Amino acid sequence: MNASRTRAGLCLAACTTLIAASAAAGPAMAAPAADGGGIVINEAYLSGGSANAVYQDKFVELYNGSASPVTLDGWTLQYRSATGTAATNTSVALSGTVPAHGHFLVGGGSNGGNGAELPAPDLATSFNPSGSQGTIVLSNQADRLTLPTGSVTDNAAVVDLLGYGSSNTFETAAATAPAGNSDPKSLERADHADTDNNAADFTLNAAPSPTASGGTDPGTDPDPVDPVTASIAEIQGTGDSTALAGQLVTTRGVVTATYPTGGYDGYYIQTPGTGGDSGSTASSGLFIYSAATVSDVRVGDYVEVTGTAGEFYGLTQLSVPAGGATVLDEPAEAVKPLTVAWPATDAQREVYEGMLWDPQGQWTLADNYSLNGYGELGLAFGTSRLVRGATTLPQATDVAPAGSTKAAAVETENLARSVTLDDGSTANYLGADQNKDVPLPYLARGSQVRVGAPVDFIGNVILDYRHDAWRFQPLTRLTGANTADQPVAFGKTRTSHPEDVGGDVKIGTFNVLNYFTTTGDQLSGCSFYTDRDGQPVTVRSGCEARGAANAANLQRQQAKIVAAINGLDADVVSLEEIENSAAFGQDRDSALAELVDALNAASTKPGHGKGHGKGPKTWEYIPTPAAVPADEDVIRTAFIYRKAAVKPAGPSVILDDQAFSNARPPLAQAFTAARGPKHDSFVAIVNHFKSKGSGPSDGSGNEDTGDGQGAWNAARVQQATALVDFAEQMKLRAKTTQVLLTGDFNSYTQEDPMQVLYAAGYVDLGSGTGKQSYLFAGRTGSLDHVLASRPTASNVSGVDIWDINADEPIALEYSRYNYNVTDFYAPDPYRASDHDPLVVGLDLGGKKGHHRK
């Protein structure tokens, strides 16, 4: 169901009206606390309002184990984060009285709109602690406390304390915490016992039981509620949300998918005999949220279930408690997978929510960025009607000017063509350590799961709506351990080399993704992204380095970059995002020289009729010019070249212009063919414009206006204008009309900065390839360009974007080494960076081969 749905609350544990609760055990006397008169934190429910929530609001329930009432006036309930060492982060004042041998309910904040309303609390507050880790302190003082870390059991200001999860402060040991906000369990004492050991005293309770001072202990049988009987279609209804929300409902259906592990804790059922080419107006499929019964059913079972109808972030479901599901003996007609065309609108998809599907038609893998995070893949249906030949989802501003009617139409079409292929779980494979030890779904070592690949459905799926997106779910949780359950197969589209672009000289450009030979372990203050064993892989923050954490990871990064550059088969390569070694007190070219040494050591480029040769002296770099801007970024641009193919004509020049005060200044170099006449020279200028993120909020042209161009657009327009003037100067200096503007312009093909370059007469060579160099948010477009002056464009023999990076899963990157139990790393060119390189062939002698791709 779509995101506009009413977020109706769920009834999870509250549905225990179906079964009789056992009688409560008599309360045990709580151990005396410091000046607390026997008051303890008895239960803490910290996921109020989140996904799967039992109650909309968080709560802390206090219990008085003494024979006398205790006033809370002047007391506070405080919270400190799991890693905090200073004063508590938050504090709420308490008031009221906890009766003898009685409870007191403190209502708290909320994470969202899910769950039932709390029973009326004794005191409503904004108390809002973390759902998975932290320390809750009940204090007899009004001031915020600054507590030591470790065990705190003898502090006059602390009446009681609960440390949970990975908190650094606790009583003896921290209590086991819920897995996260979507894990709807409370931390509760067993029989009010307090042994000053949080780990021993608190257990996780799947049926939270908030009790106020006028309430009774859990265990009292509630008044029974008679369920209504309804078909699945009647529960689903024809609108965005069920009309039976909050009601106890009985229905029947055939089990089509089960998810006993992975976080969904439920299964799908569908009305017998439905599906096929159905033309119904209401869905015949329904999700049953029921951790208590999911292990009791199998796909194909005919079941009767009774539970509470509701919405889970837009997904209609029935919340079924223990004892609420029965496998029936009577026969039922088999469910038929849907074979209807993919619906283009939310309203049309709503009709099939929760139903079994056999997707028809052409499908293409459009996004794989979240594959090694949440096990998700983005799919695109059919071919664009607005962008010729596009089977993926185009960046709107890559194919149409920002703010144009066509740009808006392209994104509307993208949404109509999109669906997420999920893995049947909520697992974050970059999160909890245990998740990193589970093989990723869909991706195996050596397999190809590339953007642009055709997708063949070899099994059925379920259509559901979670996390604000329509999704195809496999029929059970999918990991790399049960690949036979994978519902799709991917076509192989990887190439071992770029297409032949011909020409006398080949020019390439490549963003090398923060290639830093100064590794994080050489500097103080660096923090790191770590692998599943806690070992540093890449620099996170805290220092100037941006690349590998240590020598081993640098070698992994370097091997992939070297394989990619040598495989590009270019004679001149402009580089972006390479270390400016001057920032670390070294020669400015130090990192560049190290990369060239590695290229030469690995180079096996054979001669191709022009004596280009191979060996230890194949590559050279253009040295830093004498004049360098006073204030530079820690990353820079550069040129490398094959000495047998070209030679520099004069020194390089860096544009020192205020327009590039927040970016990398362009670097220009004139070249001639090694064996050609001097008048056949050309000028290459490498660029790396200001990025699109972290913009100001000052109403200026650099603010992200939402037109698709991101932040700092005005700055990039200024940079493009300055580049045009710089190119004119370089033409005069080199006495040539042959100019190439290369690099990462951080601008898609039809955005404003590119329009400046087109207006100046430059031709974007890559736009004719039908390929794109970058993937962002499931949209493909080119930030990397090679533009030619018109005289140069007439001498272009061919162009290719070698799609070795942006289309590949990020799990293959050196920066994700050992993030998952499956080792995806290989010293090959695939996912050497996040940008694809380009290569252009030039016929400097005027013998145009016109091999343009």
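In case you missed it, the structure is sitting above this.
Below, the structure is looked at part by part. (Residues numbered from 1 in each chain as written. Predicted model: local features only at pLDDT ≥ 70, side-chain atom pairs only at ≥ 80, totals over all residues. Heavy atoms only, no water.)

### Quick notes on the pairing of strand β19 (residues 302–312)
Keep this limit in mind: In this scheme, a residue with accessible area under 20% of its type's maximum is buried, one over 50% is exposed, and one in between is partly exposed, where area comes from a 1.4 Å probe on protein chains only. Strands are runs of DSSP state E lasting at least two residues, helices are runs of H or I lasting at least four, and both sets are numbered from the N terminus onward. When DSSP finds two or more bridges between a pair of strands, those strands are recorded as paired.
In terms of burial, β19 is a largely internal element, 10 of the 11 residues being buried. Here strand β16 (residues 248–259) pairs with β19 via 7 bridges, running antiparallel. Bridging from a neighbouring strand, Gly-253 pairs with Val-303 of β19. With 3 bridges connecting them, β19 and strand β21 (residues 325–327) associate as antiparallel partners. Note that in β21 the partner of Val-303 across the bridge is Val-327. Looking at chain direction, β19 and strand β20 (residues 315–319) are connected through 5 bridges and run antiparallel.

### Digging into the sheet that holds strand β9 (residues 134–139)
Keep this limit in mind: Axis definition: a line fitted to C-alpha atoms, limited for helices to the stretch in contact. Angles are taken between N-to-C directions and run from 0 to 180 degrees.
Read from one edge to the other, the open sheet built from 4 strands follows the order β5-β4-β9-β11, with strand pairing classed as antiparallel. Either end of the sheet is taken by a strand with one partner, and the two such strands are β5 (90–93) and β11 (158–164). Geometrically, the sheet is characterised by an average inter-axis angle of 15 degrees between neighbouring strands, direction not taken into account. With 5 bridges joining them, strand β4 (residues 76–80) and β9 adopt antiparallel strand pairing. By the bridge assignment, Thr-76 is partnered in β9 with Ser-139.

### As for unusual backbone geometry
Positive phi values are uncommon outside glycine, yet Asp-196 reaches one of about 60 degrees. Along the chain, Asp-196 turns up in the loop between β13 (186–189) and α1 (198–201). We classify Asp-196 as partly exposed; its relative accessible area is 31%. One non-glycine residue with positive phi stands out, namely Asp-265, at about 50 degrees. Among the structural elements, Asp-265 can be located in the loop between β16 and β17 (266–270). Owing to a relative accessible area of 23%, Asp-265 belongs among the partly exposed residues under this scheme.

### Some details on empty space enclosed by the protein
The criterion, for reference: Grid points spaced at 1 Å and placed over the protein atoms alone form the basis of the search, with a cavity being a set where a 1.4 Å probe fits but cannot get out and a pocket an open set showing protein on both sides within 12 Å along at least five of seven lines. Lining residues have an atom within 4 Å of a point. Grid points are joined across faces, edges and corners, and a volume is the space filled by probe spheres set on the points. When residue character is reported, Ala, Val, Leu, Ile, Met, Phe, Trp, Tyr, Cys and Pro are called nonpolar, Asp, Glu, Lys and Arg charged, and the others, Gly included, polar.
Within the structure shown, the criterion is met by 2 cavities of 30 Å³ or more. Approximately 80 Å³ is the volume found for the largest cavity. If you go around the largest cavity, you meet 15 residues; those closest to its centre are Ala-811, Arg-816, Tyr-819, Asn-820 and Phe-824. Split into classes, the residues belonging to the lining of the largest cavity amount to 8 nonpolar, 4 polar and 3 charged. Reported here for the second largest cavity is a volume of approximately 60 Å³. Lining of the second largest cavity is provided by Arg-588, Glu-632, Asp-633, Ile-635, Arg-636, Thr-637, Ile-654, Ala-663, Arg-664, Pro-665 and Leu-667.

### A short note on the pairing of β13
Of the two faces of β13, the one lined by Ser-186 and Glu-188 and the one lined by Leu-187 and Arg-189 are each fully buried. Of the pairings in the sheet, the one linking strand β1 (residues 39–45) to β13 comprises 3 bridges and is antiparallel in character. Bridge assignment links Ala-44 to a residue of β13, and that residue is Leu-187. Pairing analysis gives 4 bridges linking β13 to strand β14 (residues 202–205), with the strands arranged antiparallel. Within β14, the residue paired with Glu-188 across the bridge is Thr-203.

### Some remarks on the packing of helix α10 (residues 713–734) against helix α11 (residues 752–759)
When two helices pack together, their arrangement is captured by the angle between the axes and the distance separating the axes. Note the threshold: Should an angle lie under 35 degrees it is considered roughly parallel, over 145 roughly antiparallel, and from 65 to 115 roughly perpendicular; all remaining angles are considered oblique. In this scheme, a crossing is called left-handed if the near helix is turned counterclockwise away from the far one by less than a right angle; it is called right-handed if the turn is clockwise. Working rule for contacts: check all heavy atoms of both residues, and any pair within 4.5 Å makes them a contact.
Their axes nearest at 8 Å, the elements α10 and α11 cross at an angle of 20 degrees. Judged on the interaxial angle alone, α11 and α10 are roughly parallel. Judged by the twist between their axes, the crossing of α10 over α11 is right-handed. Touching Asn-713, Arg-716, Val-717, Ala-720, Thr-721, Leu-723 and Val-724 of α10 are Asp-752, Pro-753, Val-756 and Leu-757, all from α11. Classifying every residue of the contact of α10 with α11 by side-chain character gives 7 nonpolar, 2 polar and 2 charged.

### Some points on the nonpolar core
Here is the rule we go by: Only buried residues count toward a nonpolar core. Its members are Ala, Val, Leu, Ile, Met, Phe, Trp, Tyr and Cys residues joined through side-chain atoms within 4.5 Å.
Counting residues in each nonpolar core, the largest one holds 34 residues, and the members touching the most others are Trp-357, Leu-379 and Phe-472. Put simply, the parts of the chain that give this core at least two residues each are β23 (363–367), β24 (377–381), β25 (418–421), β26 (454–457), β27 (461–466), β28 (469–473) and β29 (488–490). The element best represented in this core is β27, accounting for 3 residues. Core analysis: the next-biggest nonpolar cluster, separate from the first, contains 31 residues, Val-512, Ala-570, Val-596 and Ile-640 among them.

### Observations regarding the side chain of Asn-372
Secondary-structure assignment places Asn-372 in helix α4 (residues 371–374). Residues in contact with Asn-372, not counting those within four places in the same chain, are Tyr-429, Leu-430, Leu-440, Ile-810, Ala-811 and Arg-816.

### Concerning the sheet that holds strand β2 (residues 59–64)
Here 6 strands make up an open sheet; going across it, the order is β8-β7-β2-β1-β13-β14 and the pairing mixed. Two strands in the sheet have a free side with no partner beyond their single neighbour: β8 (123–124) and β14. In this sheet, β2 lies alongside β1 in antiparallel orientation, the contact comprising 6 bridges. If you follow Ala-44 over to β2, its bridge partner there is Val-60.

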